[in-house]
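# Results of the structural survey
Single-letter residue listing:
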Amino acid sequence: MSMSIRAMQCFIAVVSTGSISRAAAALHVAQPALSLLIRNLEEDLDVVLLHRTSRGVTPTTAGTRLLAHAREILGRIDAARADVREDQAAPRGTVSLAMSMSMAKLVAVPLLRFSLRNWPGVYLKIVESSTGYIPGFVSSGHADLGLTFSDDAAVDLRFQHLIDEELVLVSPPGKPGGLPAEGQARLQGGLPAKAAELNALPTIGLGALAKLPLVLPGNPHSLRRLLDHYQQQEGAAFRVIAEANAIPQLIELVQAGLAHTILSYEAVRGEAMRGDVALRRIKKPRMTRPVFLCRSDVLPLSMAATAVADRVSRIIIDGRLSA
């Protein structure tokens, strides 16, 4: 009988990706073998499940019905597996999480600290990369989870919106924008939320910002695309004097007094607290960047990966960066 768990997983992958070849790559199987599996499934059910064209495949009416059943069945199997496993509170296995440098500064330490204390059987692999590559890592199986700033990169992924993190103007030290002394004292005690820290910053309008010399990431960096969108939306033109894609390079250029830049608050929070840079909150418009947690929509997550996904979400949402 062709209606197996593997067949349902493969069918979901084909529909999700819209292509047998892309599904084969995501599942790490040969394309002819996947094509044969789908045809055997159609023969077993005596229906046509896919419309096949030169541009890919789409489900027929019968295929759409099977898709709903397959997702429900696989979801129940995952739930049953988790329910009968021993030591449910002690997940085990390797979990890889891909993220940008700015998100790693927020997530890596509290995640590893929690894992070492509560999940001795979990081995974490943190992959730091440009967000443009992260969806591909998750699609190919090289990462179980990824943190991205866009949800339109791949059709075989599931995206969970976590927060909208705020972008700030980063200026050379000595410029207006240092954290007030009373704010620093309170921060050392860990009392105020990051939203309160943002509220304590001086502000700058887009018109004044556009007159400053800026060093920004180049295209197709996700942050540069977002900043270009704000420029077009507001009819502004930034004065970009140079480009650098790495956050440490951008911060170093600002510290040297050569230019200003725009980064997420979390990416430069530590430097601002040490007085290495000065920050200003951008207003009219306030600039934010969405953060998504992505996972495969084709293959189920392990118990360990599910636990890590939940903890990452809690770390980011509980320490939300927007007011």
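Residues numbered from 1 in each chain as written. Predicted model: local features only at pLDDT ≥ 70, side-chain atom pairs only at ≥ 80, totals over all residues. Heavy atoms only, no water.

## Regarding the packing of helix α1 (residues 5-17) against helix α3 (residues 31-45)
Contact pair α1 / α3: the axes reach a minimum separation of 10 Å and the direction vectors enclose 110°. Between α1 and α3, the angle falls in the class roughly perpendicular. Contact residues: α1 offers A7, C10, F11 and V14, while α3 offers L34, L37, I38 and L41. Residue composition of the contact of α1 with α3, grouped by class: 8 nonpolar, no polar and no charged. (Axes fitted to C-alpha atoms, helices over the stretch in contact; angles between N-to-C directions. Helix = DSSP H or I, 4+ residues; strand = E, 2+ residues; numbered from the N terminus. Parallel < 35°, antiparallel > 145°, perpendicular 65-115°, else oblique. Contact = heavy atoms within 4.5 Å. Nonpolar A, V, L, I, M, F, W, Y, C, P; charged D, E, K, R; others polar.)

## Overview of the pattern of salt bridges
This model, assessed by the stated rule, comprises 13 salt bridges. R289 is the salt-bridge partner of E165, the closest N and O atoms lying 2.7 Å from each other. Of this pair, E165 sits in strand β6 (residues 157-171) while R289 sits in strand β12 (residues 288-296), and the two are 124 residues apart along the sequence. Close ionic contact of E166 with R281 constitutes a salt bridge, the shortest N to O distance being 2.6 Å. With E166 in strand β6 and R281 in strand β11 (residues 278-283), the pair connects residues that are 115 residues apart, well separated along the chain. The same class applies to E166 as to R281, namely buried. (Salt bridge = Lys/Arg side-chain N within 4 Å of Asp/Glu carboxyl O. Buried < 20%, exposed > 50% of the residue type's maximum accessible area, 1.4 Å probe, protein only.)

## Some words on helix α5 (residues 101-118)
With 18 residues, α5 extends 25 Å from end C-alpha to end C-alpha; this agrees with the ideal 26 Å at 1.5 Å per step. Along α5, the sharpest kink reaches roughly 40°, centred on V107 and followed within four residues by the proline P110. Every buried residue belonging to α5 is among S102, M103, A104, L106, V107, A108, L111, F114 and S115, and all of these are buried. (Expected span 1.5 Å × (residues − 1). Bend = angle between axes of the 7 residues up to and from the residue.)

## A short note on the environment of L145
Tracing the backbone through its elements, the reader meets L145 in strand β5 (residues 145-148). Distance from L145 to S96, taken between C-alpha atoms, is 6.6 Å for residues 49 residues apart in sequence. The contacts of L145, once residues within four sequence positions are left out, are V95, S96, L97, A98, V138, L293, C294, R295, L301, A305, V308 and A309.

## Overview of the confidence of the model for the protein chain
Put simply, the protein chain has an average pLDDT of 85, and 88% of its residues get 70 or more. When pLDDT is averaged over each helix and strand of the protein chain, the minimum, 39, is found for helix α7 (residues 181-188) and the maximum, 96, for strand β8 (residues 213-216). When the criterion is pLDDT under 50, residues 177-192 qualifies, and its contacts beyond four places in sequence or with other chains add up to 19 contacts. (pLDDT = per-residue confidence, 0-100.)

## Quick look at the packing of aromatic side chains
The final tally for this structure, using the stated rule, is 2 aromatic pairs. With a centroid separation of 5.1 Å and 75° between ring planes, the pair formed by F114 and W119 is classed as edge-to-face. The same class applies to F114 and to W119, which are both buried. For the pair F159 and F292, a centre-to-centre distance of 6.3 Å together with 85° between the ring planes defines the contact as edge-to-face. Remark: F292 occurs in strand β12 and F159 occurs in strand β6; sequence separation between them is 133 residues. For the pair F159 and F292, one class covers both residues: buried. The aromatic ring of F149 is capped on one face by R289, whose charged end is 3.6 Å from the ring centroid. Over the face of the ring belonging to F114 we find R311, whose NZ or CZ atom lies 3.7 Å from the ring centre. (Phe/Tyr/Trp six-rings, centres within 6.5 Å; stacked < 30°, edge-to-face > 60°. Lys NZ or Arg CZ within 6 Å of the ring centre and 35° of its normal.)

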